[in-house]
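# Topology and contacts: notes
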Amino acid sequence: NAGVMQNPRHLVRRRGQEARLRCSPMKGHSHVYWYRQLPEEGLKFMVYLQKENIIDESGMPKERFSAEFPKEGPSILRIQQVVRGDSAAYFCASSPDRGGNNSPLHFGNGTRLTVT
Amino acid sequence: EDKVVQSPLSLVVHEGDTVTLNCSYEVTNFRSLLWYKQEKKAPTFLFMLTSSGIEKKSGRLSSILDKKELSSILNITATQTGDSAIYLCAVSTGTYKYIFGTGTRLKVLA
């Protein structure tokens, strides 16, 4: 039973380019969450999605950031016109139901984005 | 504002020592508290504690939830070098959002 799969593991982008981060949830999980982790900081909630729906994107900057979870294929976190401050580790997590009650979040290995 | 605070920030011990990691929280609506172990990659789930399950144990690791004190501890006995990691505490507020602490960085020396 494969876990949460994220790719790429490492991504280097120059300022102004676009970054696309992909996440395939665990089999049977239809709830996906994206978190960002900066050095010496905890994981910060960005967005929560179910298939084809964005449930809550309150943790995501309103500009340049977007997320989707299409009916087919992985969830995508897209960052347009990246800036140095976007450099961080981005973790995806999934759960079989709406997290917070019975099911813990299962995390992927993360994508480490470096903006040069 | 909901928050989770972990202490200590970092800890260095020798193999065989016992360690206690702390997590305190201030949230508007508590549903569960989770502990994760993060090495160089994915945070891996350790325990979930809720009102109906305030103590969990797995091998050398155990955790207790104190709802009165709004806190939890994670104990690791007979530590090994493989226990070196960042230990994250997270609290669910009844929605899908988990509030994470900044973690405790544990280093176990041989």
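Residues numbered from 1 in each chain as written. Chains lettered and ligands numbered in written order. Predicted model: local features only at pLDDT ≥ 70, side-chain atom pairs only at ≥ 80, totals over all residues. Heavy atoms only, no water.

### Some thoughts on the packing of aromatic side chains
Definition in use: Ring pairs are drawn from Phe, Tyr and Trp, using the six-membered ring of Trp, whenever the two centres fall within 6.5 Å, and their geometry is named by plane angle: stacked under 30 degrees, edge-to-face over 60, tilted for the rest. Here a helix means four or more residues in a row that DSSP labels H or I, a strand means two or more in a row labelled E, and each is numbered from the N terminus. We call a residue buried when its accessible area falls under 20% of the maximum for its residue type, exposed when it is over 50%, and partly exposed in between, using a 1.4 Å probe and counting protein chains only.
Enumeration according to the criterion identifies 10 aromatic pairs over all chains in this entry. Plain terms: the ring middles of A:Tyr35 and A:Phe45 are 5.9 Å apart, the flat faces sit at 75° to each other, and that makes the pair edge-to-face. Linking A:Tyr35 in strand S4 (residues 31-37) with A:Phe45 in strand S5 (residues 43-50), this pair joins segments that are 10 residues apart in sequence. Each member of the pair, A:Tyr35 as well as A:Phe45, carries the same accessibility label: buried. Relative to B:Tyr36, the ring of A:Phe107 lies with its centre 5.4 Å away and its plane at 85°, an arrangement referred to as edge-to-face. One end of the pair, A:Phe107, is in strand S10 (residues 106-107); the other, B:Tyr36, is in strand S4 (residues 32-38), on a second chain. We note that A:Phe107, like B:Tyr36, is buried. Counting every residue linked through ring pairs, the aromatic cluster contains A:Tyr35, A:Phe45, A:Phe91, A:Phe107, B:Tyr36, B:Phe45 and B:Phe100.

### Topic: the sheet that holds strand S3 (residues 19-24) of chain A
Pairing between sheet strands relies on hydrogen bonds along the backbone, with the strands arranged either parallel or antiparallel. All names here are of chain A. The cut-off we apply is this: Paired strands are those between which DSSP finds at least two bridges. Angular values range over 0 to 180 degrees, each being the angle between N-to-C directions of two axes fitted as lines to C-alpha atoms, with helices fitted over their stretch in contact.
What the 4 strands build is an open sheet, ordered S1-S3-S8-S7; its pairing is antiparallel. Strands at the two margins of the open sheet, each flanked by one partner only, are strand S1 (5-7) and strand S7 (65-68). Across the sheet, the mean angle separating the axes of adjacent strands is 15° when strand polarity is ignored.

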